[in-house]
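# Structural description and commentary
In case you want the letters, here they are:
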Amino acid sequence: MQKSLLLLALFISSISIAQQHTFKGAFLEKWNNSRDYLIAVAEAMPEEYYDFKPTQRQRSFKQQLLHIQGNINWLDQTYFSKSEETGDQQNDSELDKTKIIALLHKTFDTAYKDVETCSETELRESVRFFAGPKSKLQIMNLLQDHVTHHRGQLLVYLNLKEVTPPSYSGW
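Summarised in this report is the structure supplied together with it.

Analysis parameters
- Residues numbered from 1 in each chain as written.
- Predicted model: local features only at pLDDT ≥ 70, side-chain atom pairs only at ≥ 80, totals over all residues.
- Heavy atoms only, no water.
- Phe/Tyr/Trp six-rings, centres within 6.5 Å; stacked < 30°, edge-to-face > 60°.
- Helix = DSSP H or I, 4+ residues; strand = E, 2+ residues; numbered from the N terminus.
- Polar contact = N/O pair within 3.5 Å; in protein donor to acceptor, adjacent residues only side chain to side chain.
- Contact = heavy atoms within 4.5 Å.
- Core = buried A, V, L, I, M, F, W, Y, C linked by side-chain atoms within 4.5 Å.
- Buried < 20%, exposed > 50% of the residue type's maximum accessible area, 1.4 Å probe, protein only.
- Salt bridge = Lys/Arg side-chain N within 4 Å of Asp/Glu carboxyl O.
- Expected span 1.5 Å × (residues − 1).

### Comments concerning the packing of aromatic side chains
Across all of its chains, the model carries 10 aromatic pairs by this definition. When the ring of Phe 129 is compared with that of Phe 130, the centres are 4.5 Å apart and the planes differ by 35°; the resulting orientation is tilted. An aromatic cluster is present here, built from Tyr 50, Phe 52, Phe 61 and Tyr 157 joined pairwise through their rings.

Shown next, in the form of structure tokens:
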């Protein structure tokens, strides 16, 4: 009996490890950590500073978060989702800190599920993109890179308001 349980445990753990060694598996693990880190950044900023922008030509903290959410939603709906829904479209002025954080959770989680359902073959497919033909794998890289780019800007906003940023979470 113990031998059977040990074999079962080894089999299950090997499946889990194998999933982490695929690009999609690694992406999905990182995607959840990226979500959690962005949410921590959003939670760290006091709501009274959500309209703060370092200069007139830059987005406010709130606008940056909504830009990240909108880009995830657009890329997901365009390249990964199989549903006809277009995602949440709300007026920025209706969204407070709590609603923005909930929207970010929902958007990240929806994108996760949509990417998760893509087969390896689908991920290699070439799609039309404004920068020329790209594979869905490249679009996945763009999803993460875009979040990272704008989250980095948000960390500067926190520091300018003397708010201690959350600790970095790389994986």
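Additional details are given in the paragraphs that follow.
### Some thoughts on unusual backbone geometry
Look at Glu 162: it is not a glycine, yet its phi comes out positive at around 55°. Here Glu 162 lies in the segment after helix H6 (136-160).

### Focus: the side chain of Gln 64
Mapped onto the fold, Gln 64 is located in helix H3 (residues 61-79). Within the structure, the side chain of Gln 64 is placed 3.0 Å from the side chain of Gln 153, a separation counted as a polar contact. Among residues more than four places away in sequence, those in contact with Gln 64 are Arg 59, His 150, Gln 153, Leu 154 and Tyr 157.

### Description of the nonpolar core
In terms of nonpolar packing, the biggest core is built from 40 residues, with Trp 31, Tyr 50, Phe 61, Leu 65, Ile 72, Phe 80 and Leu 154 touching the most fellow members. For this core, the elements supplying multiple residues, two or more each, are helix H2 (23-44), H3, helix H4 (97-116) and H6. Ignoring anything within four residues of it in the chain, the contact list for Tyr 50 reads Ala 42, Glu 43, Met 45, Ser 60, Phe 61, Lys 62, Leu 65, Lys 97, Ile 100 and Ile 101.

### Considering the side chain of Ser 34
In this structure, Ser 34 sits in helix H2. Among the polar contacts listed, one links the side chain of Ser 34 to the side chain of Arg 151, at a separation of 2.9 Å. Every residue in contact with Ser 34, bar those within four places of it in the chain, is listed here: Phe 108, Gln 144, Val 147 and Arg 151.

### A look at the pattern of salt bridges
Scanning the entire structure with this criterion turns up four salt bridges. Asp 109 serves as the salt-bridge partner of Arg 35, at 2.7 Å between the closest nitrogen and oxygen. A residue pair is termed long-range when its members are at least 10 positions apart, and Arg 35 in helix H2 and Asp 109 in helix H4 qualify at 74 residues. Residue Asp 109 is classed as partly exposed on the basis of its relative accessible area of 27%. Put simply, Glu 125 and Lys 136 hold a salt bridge, and the shortest N to O gap is 3.8 Å. Here the residue Glu 125 occupies a position in the loop between helix H5 (120-124) and strand E1 (126-127), and Lys 136 occupies one in helix H6, the gap between them amounting to 11 residues. Classification of Glu 125 as partly exposed rests on a relative accessible area of 36%.

### Quick notes on H3
An α-helical turn contains 3.6 residues, so a residue and the one three or four places further along point in the same direction. Here H3 contains 19 residues, and its C-alpha end-to-end distance of 27 Å stays within 8% of the 27 Å for a straight helix at 1.5 Å per residue. Counting buried residues in H3 gives 14 out of 19 residues, a clear majority hidden from the surface.

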